[in-house]
Amino acid sequence: MAVYRQPGTVITDHTFRVPLDHADPGGERIEVYAREVVAAGRETDPLPWLLFLQGGPGGRSPRPLGRDGWLTRALDDYRVLLLDQRGTGRSTPANRQTLPLRGDASAQASYLEHFRADSIVRDSELIRRELLGEDGRWSLLGQSYGGFCTLTYLSFAPEGVREAFVTGGLAGLRSTAEGVYRAAYPRVERKIAAHYARYPEDVEAVRMVVRHLREREVRLADGGLLTAEAFQATGTLLGTGTGSHTLHYLLEDAFVTGGSGPQLSDSFLAEVQGHLSFAGNPLYAVLHESIYGQRSVSPRATGWAAESVRAEFPQFDVDKALADDAPVLLTGEMIYPWMFATDPALAPLRETAHHLAQHEQWPDLYDPAQLARNEVPVAAAVYHDDMYVDTADSLATARSVRNLRTWVTDEYEHDGLRVSGGRVLDRLIRLVRGEL
């Protein structure tokens, strides 16, 4: 168990062995890693624990650089545990390099069925009992998908929680994957319209890029194929506070003139690859739609819902926009089956993802009856026009969870916890304590 120091903090590494399938506690085990962070000088203080549940799915916990960001506020009151959820970071990895060891695509999919929020919560409970004892309780901080996990925690293991904070992560308790994307496309369209209103020259800049991609094959440095539809996915930037400006600067130097005429610049392609590649978080793509699967809501497969629903929104069609001389709309955090052909990090997992997309009868992730009688104090930041999590779903869930208070704000976008320097977390702590 390594212990080391960073500016203002003391960090301890923890590794836990947990069942792959919690219904079979005597079966195969995998490793889950977590990083304990405490303010320097307070290592031996009896501080309450705060478990951080990262967004995603498939996102490893943040790597701290001392006492910075929201940790600045958290470490005033808590001993923080940054969990690398199963399959991510330093936990037993699940990616194109390791999953083939499980067998064929069907076997890989069966393995990944144990990587949703229900398993993450059960891992957390084993860790809580080991660190805090059977009767110990900790606080939860769930960002985005981590908020989904928090609702699962409050549904099935509320006895382990003393209080909970959620930022941009109140999921619709009975939302289907199709319903999620049917609500998402109009939100994305609003964000694109706002971007084009801010930077009107980007309308033609985007049209030039996608027209170029329609006319010739363009490869990224990692070998990935940059298609017009792939470039549309850069629209996911617009869900963050600075994303519109980042997109604008990306487009500024998209082209250079070479020996064969205008071509996409190396700097542009390198930056696009950084935004589009799933090499760092493949589970985000592989598991994305499965996080909405619940047998009591819909026993059917999620079935590539973002792709099937997209047909209801023809304004997102690149060729139609080019033919009509209309602005080309970008997309959000939708996951499409073609991504498993164009991204080298995903291509070996194409059949595995298809098996998961066809999986039926996913176990429920939420217990509305338990949440309706919830006794754990909860405070949630709901971002007024969140591009990633539907605000209407979030507010409906807030009304359905007893003892939950919301802070609805347009001061921040979905990444408010990361960029606010602790102000978002401070507001939620004061909400839970009744100071607001």
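Right above here is the structure, for reference.
Bear in mind that the values here come from a model prediction, so they are computed numbers and not experimental data. (Residues numbered from 1 in each chain as written. Predicted model: local features only at pLDDT ≥ 70, side-chain atom pairs only at ≥ 80, totals over all residues. Heavy atoms only, no water.)

Here we look at the overall build of the chain
The line we're drawing: Every helix listed is a DSSP run of H or I at least four residues long, and every strand listed is a run of E at least two residues long, numbered separately from the N terminus. By definition, residues are in contact when any of their heavy atoms lie within 4.5 Å. When charges are counted, neither His nor the chain ends are considered; positive counts come from Lys and Arg and negative counts from Asp and Glu. Think of each charge as sitting on NZ of Lys, CZ of Arg, CG of Asp or CD of Glu.
For the chain, the helix and strand inventory stands at 18 helices and 11 strands. Overall size of the chain, expressed as C-alpha extent along the three principal axes, is 70 × 50 × 45 Å. For the chain, long-range pairs separated by at least 24 residues make up 76% of all intrachain contacts whose partners lie at least 6 apart in sequence. Between the centroid of the 45 positive side chains of the chain and the centroid of its 59 negative side chains there is a distance of 4 Å.

Side note on the side chain of aspartate 202
Stated precisely, the cut-off is as follows: Pairs of N or O atoms are called polar contacts if they sit within 3.5 Å, as long as, within protein, a hydrogen donor faces a hydrogen acceptor (for residues adjacent in sequence, only side-chain-to-side-chain pairs).
Among the secondary structure elements, aspartate 202 is positioned in helix H6 (residues 201–215). At 3.0 Å, the side chain of aspartate 202 and the side chain of histidine 248 are in polar contact. Leave out the neighbours within four places in its chain, and aspartate 202 touches His195, Tyr196, His248 and Leu251.

A look at helix H1 (residues 70–77)
Residues separated by three or four positions in an α-helix point in the same direction, a consequence of the helix having 3.6 residues per turn. Where we set the bar: Per-residue accessibility, obtained with a 1.4 Å probe over protein chains only, is compared with the maximum for each type, and a residue is labelled buried under 20%, exposed over 50%, and partly exposed between these values.
The buried fraction of H1 amounts to six of the eight residues, a majority that puts the element mostly inside the structure. Buried residues of H1: Trp70, Leu71, Arg73, Ala74, Leu75 and Asp77, and no others.

With respect to the nonpolar core
Going by this rule: Among the buried residues, those of types Ala, Val, Leu, Ile, Met, Phe, Trp, Tyr and Cys that are joined through side-chain atoms within 4.5 Å form a nonpolar core.
In this structure, Leu112, Leu226 and Phe231 are the most contacted members of the largest nonpolar core, which totals 111 residues. Top contributing element to this core by residue count: helix H5 (residues 177–198), with eight residues. In this view, leucine 112 contacts Ala94, Leu99, Leu283, Val286, Leu287, Thr352 and Leu356; residues no more than four positions away in its chain are not counted. Within the second largest apolar cluster, 26 residues are counted, among which are Ala39, Leu75, Leu417 and Leu428.

Here's the deal with the packing of aromatic side chains
The relative placement of two aromatic rings is captured by the distance of their centres and the angle of their planes. Rules: To pair, rings of Phe, Tyr and Trp, with the six-membered ring standing in for Trp, must have centres within 6.5 Å; the planes then decide the type, stacked if under 30 degrees apart, edge-to-face if over 60, and tilted in the middle. For a ring to carry a charge above it, either NZ of a lysine or CZ of an arginine must fall within 6 Å of the ring centroid while also lying within 35 degrees of the normal to the ring plane.
Scanning the entire structure with this criterion turns up 12 aromatic pairs. On the basis of an interplanar angle of 50 degrees and a centroid distance of 4.9 Å, the ring pair of tyrosine 111 and phenylalanine 115 is categorised as tilted. One exposure class covers both tyrosine 111 and phenylalanine 115, and it is buried. Ring geometry for phenylalanine 231 and phenylalanine 268: centres 5.9 Å apart, planes at 40 degrees, overall tilted. Of the two residues, phenylalanine 231 is situated in helix H7 (residues 228–232) and phenylalanine 268 in helix H9 (residues 266–276); the sequence distance between them amounts to 37 residues. By the burial criterion, phenylalanine 231 is buried, and phenylalanine 268 matches it. Ring-pair connections join several aromatic residues into one group, and the members of that group are Tyr145, Phe148, Tyr181 and Tyr292. Directly above the aromatic system of tryptophan 49 lies the positively charged group of arginine 79, at a separation of 5.8 Å from the ring centroid.

Things to note about the sheet that holds strand E3 (residues 29–39)
In plain terms, the rule: Should DSSP find at least two bridges between two strands, the strands are taken to pair. Each axis is a line fitted through C-alpha atoms, and for a helix only the stretch in contact is used; angles between axes span 0 to 180 degrees, taken between their N-to-C directions.
Overall, mixed pairing links the nine strands, which are arranged E1-E2-E3-E5-E4-E6-E7-E10-E11 in an open sheet. Where the open sheet ends on each side, the last strands, each with one partner, are strand E1 (3–6) and strand E11 (404–409). On average, each strand axis in the sheet is tilted by 25 degrees relative to the strand beside it, whichever way the strands run. Sheet topology places strand E4 (residues 49–53) next to strand E6 (residues 138–143); four bridges connect them, and they run parallel. When the sheet's bridge partners are listed, phenylalanine 52 is paired in E6 with leucine 141. Helix-sheet contacts for helix H4 (residues 145–156) involve E4, E6, strand E7 (161–167) and strand E10 (378–383), and the interaxial angle to E6 is about 140 degrees.

Overview of the side chain of serine 290
Looking at where serine 290 falls in the secondary structure, it is placed in the loop between helix H10 (282–287) and helix H11 (305–310). The residues touching serine 290, leaving out its near neighbours within four places in the chain, are Arg116 and Trp362.

Section: H6
What counts is decided by this rule: Expected helix span is taken as 1.5 Å per residue step, with the number of steps being one fewer than the number of residues.
Helix length check: H6, at 15 residues, gives a terminal C-alpha distance of 22 Å against a target of 21 Å (1.5 Å per residue), a fit within 8%. Buried within H6 are the following residues: Asp202, Ala205, Val206, Arg207, Val209, Val210, His212 and Leu213.

Observations regarding the pairing of E4
Put simply, the test is: Orient the strands so they point away from the viewer; a crossover is then right-handed if the path from the first strand over the helix to the second runs clockwise.
Of all five residues making up E4, five are buried, and the element is well covered by its neighbours. Going residue by residue along E4, you find Trp49, Leu51 and Leu53 tucked away on one face and Leu50 and Phe52 tucked away on the opposite face as well. Relative to strand E5 (residues 79–84), E4 runs parallel, the two sharing four bridges. Bridging from a neighbouring strand, leucine 50 pairs with valine 80 of E5. Between E4 and its parallel partner E5, the chain crosses via H1, and the hand of that crossover is right-handed.

Concerning the packing of helix H2 (residues 105–112) against helix H14 (residues 350–357)
The axes of two packed helices give the description: the angle between them and the distance between them. To keep things clear, this is the line we draw: The scheme is simple: roughly parallel for angles under 35 degrees, roughly antiparallel for over 145, roughly perpendicular for 65 to 115, oblique for anything else. Crossings are assigned a handedness: left-handed for a near helix turned anticlockwise from the far helix by less than a right angle, right-handed for a clockwise turn.
Close contact between H2 and H14 brings their axes to 8 Å; oriented N to C, the two are set at 55 degrees. Considered as vectors, H2 and H14 are oriented oblique to each other. You can see that H2 and H14 cross each other, and the crossing is right-handed. Touching Ala105, Ser106, Gln108, Ala109 and Leu112 of H2 are Glu351, Thr352, His355 and Leu356, all from H14.

Quick word on the environment of aspartate 266
By secondary structure assignment, the location of aspartate 266 is in helix H9. The class of aspartate 266 is exposed, set by a relative accessible area of 66%. When the C-alpha atoms of aspartate 266 and phenylalanine 255 are compared, they prove to be 8.9 Å apart, with 11 residues separating the residues in sequence.

Overview of the pattern of salt bridges
Note the threshold: By definition, a salt bridge exists where a carboxyl oxygen of Asp or Glu is found within 4 Å of a side-chain nitrogen of Lys or Arg.
Overall, the coordinates contain 32 salt bridges when judged by the stated rule. In this structure, arginine 42 and aspartate 45 form a salt bridge, with 3.1 Å as the shortest nitrogen-oxygen distance. Judged by relative accessible area, aspartate 45 falls into the partly exposed class, the value being 28%. Across the salt bridge formed by aspartate 76 and arginine 73, the nearest N and O atoms sit 3.9 Å from each other. Pair noted here: aspartate 76 and arginine 73 are both in helix H1, with a separation of three residues, about one helical turn. On the basis of relative accessibility, which here comes to 38%, the residue aspartate 76 falls in the partly exposed class. Ionic contacts of the salt-bridge type, sharing partners, join the residues Arg67, Arg73, Asp76, Asp77, Asp426, Arg430 and Arg433 into one network.

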